[in-house]
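Residue-level structure breakdown
The lines below spell out each chain.
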Amino acid sequence: MTIEHQFNMLVREIRKECVGNGPREITTRFAGPWAISEMKGNLTNIEKFMIESSEGHQMVHEARTTLVKRIYEDSSKVKKLEELVQAKLVSIYADINIDLDIAMTVYVFDKDIRVNEK
């Protein structure tokens, strides 16, 4: 199993635990110290209903981007990612396109991730 696949499974597990459902599809690429994850099918049925109004659209976007960053304030979740890639998580950048239901998260680690060694 590739490190990308293992990373995707771990991200899905963490999101499912914290949000109630994980993304339907995840693609992760490693570039130096970055893990860049594209996630499709993130929104719950309630969120899909909420985004029908402009206020709901804004609320879901803010909640999703804030929530993702807060998820990784939990040291036990961070530790799982760090153990997998053998590097320390330095920061996270996250955004979601509500209309397309595609989220992007960039995980920045303290050193290059060695993809071929896993």
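In what follows, the accompanying structure is described. Along every chain, residues carry numbers that run from 1 in the direction the sequence is written. In view of the model being predicted, local features appear only for residues whose pLDDT reaches at least 70, and side-chain atom pairs are presented and counted only at 80 or more, with totals across whole chains, interfaces and linings using the full set of residues. By convention in this description, side-chain values take in all heavy atoms of the structure and omit both hydrogens and water.

Let us look at the packing of helix α1 (residues 3-19) against helix α3 (residues 54-71). Closest axis-to-axis distance for the α1/α3 pair is 11 Å, and the angle between their directions is 115°. By the angle between their axes, α1 is roughly perpendicular relative to α3. Of the two possible hands of crossing, α1 and α3 adopt the one that is right-handed. In this structure, α1 uses I14, R15, C18 and V19 to contact α3, whose residues at the interface are R64, L67, V68 and I71. Any residue that is not Ala, Val, Leu, Ile, Met, Phe, Trp, Tyr, Cys, Pro, Asp, Glu, Lys or Arg is counted as polar, Gly included; the first ten are nonpolar and the last four charged. Split by residue class, the contact of α1 with α3 holds six nonpolar, no polar and two charged. Here an axis means a line fitted to C-alpha atoms, over the contact stretch when the element is a helix, while the angle between two N-to-C directions is reported on a 0 to 180 degree scale. In this text, helices come from DSSP runs of H or I with a minimum length of four residues, and strands from runs of E with a minimum of two, each type numbered from the N-terminal end. Each angle receives one of four descriptions, namely roughly parallel if under 35 degrees, roughly antiparallel if over 145, roughly perpendicular if within 65 to 115, and oblique otherwise. Here a crossing is called left-handed whenever its near helix is offset anticlockwise from the far helix by less than a right angle, and right-handed whenever the offset is clockwise. Here a residue-residue contact requires only that any non-hydrogen atoms of the pair lie within 4.5 Å.

Another point: empty space enclosed by the protein. Using only the protein atoms, space was sampled on a 1 Å grid; points where a 1.4 Å probe fits but cannot get out form cavities, open sets with protein on both sides within 12 Å along at least five of seven lines form pockets, and lining residues are those with an atom within 4 Å of a point. Grid points are joined across faces, edges and corners, and a volume is the space filled by probe spheres set on the points. What the rule picks out here adds up to one cavity of 30 Å³ or more. Of the pockets and cavities examined, the largest cavity occupies roughly 60 Å³. What lines the largest cavity is R15, N42, R64, T65, V68, A94, D95, I96, A103 and T105. Those elements that provide at least two residues to the lining of the largest cavity are α3, β3 (89-97) and β4 (102-109).

This paragraph deals with the pairing of strand β1 (residues 25-31). Any residue under 20% of the maximum accessible area for its type is buried, any over 50% is exposed, and the rest in between are partly exposed; the area is computed with a 1.4 Å probe on protein chains only. Burial along β1 is one-sided: the residues I26, T28 and F30 are buried and none of E25, T27, R29 and A31 is. Inspection of the sheet shows β1 paired to strand β2 (residues 34-40) by seven bridges, in the antiparallel sense. Within β2, the position partnered with I26 by the bridge is M39. Paired strands, in this sense, are two strands between which DSSP finds at least two bridges. Where β1 hands over to β2, the hairpin turn is made up of two residues, of which G32 adopts a positive phi near 60°.

Moving on: the packing of α1 against helix α4 (residues 75-85). Contact geometry for α1 and α4: axes closest at 10 Å, N-to-C directions at 175°. Between α1 and α4, the interaxial angle falls into the category roughly antiparallel. From α1, I3, Q6, F7, L10, V11, E13, I14, E17 and C18 reach across to α4, where they touch K77, K80, L81, L84 and V85. For the contact of α1 with α4, the per-class residue count stands at nine nonpolar, one polar and four charged.

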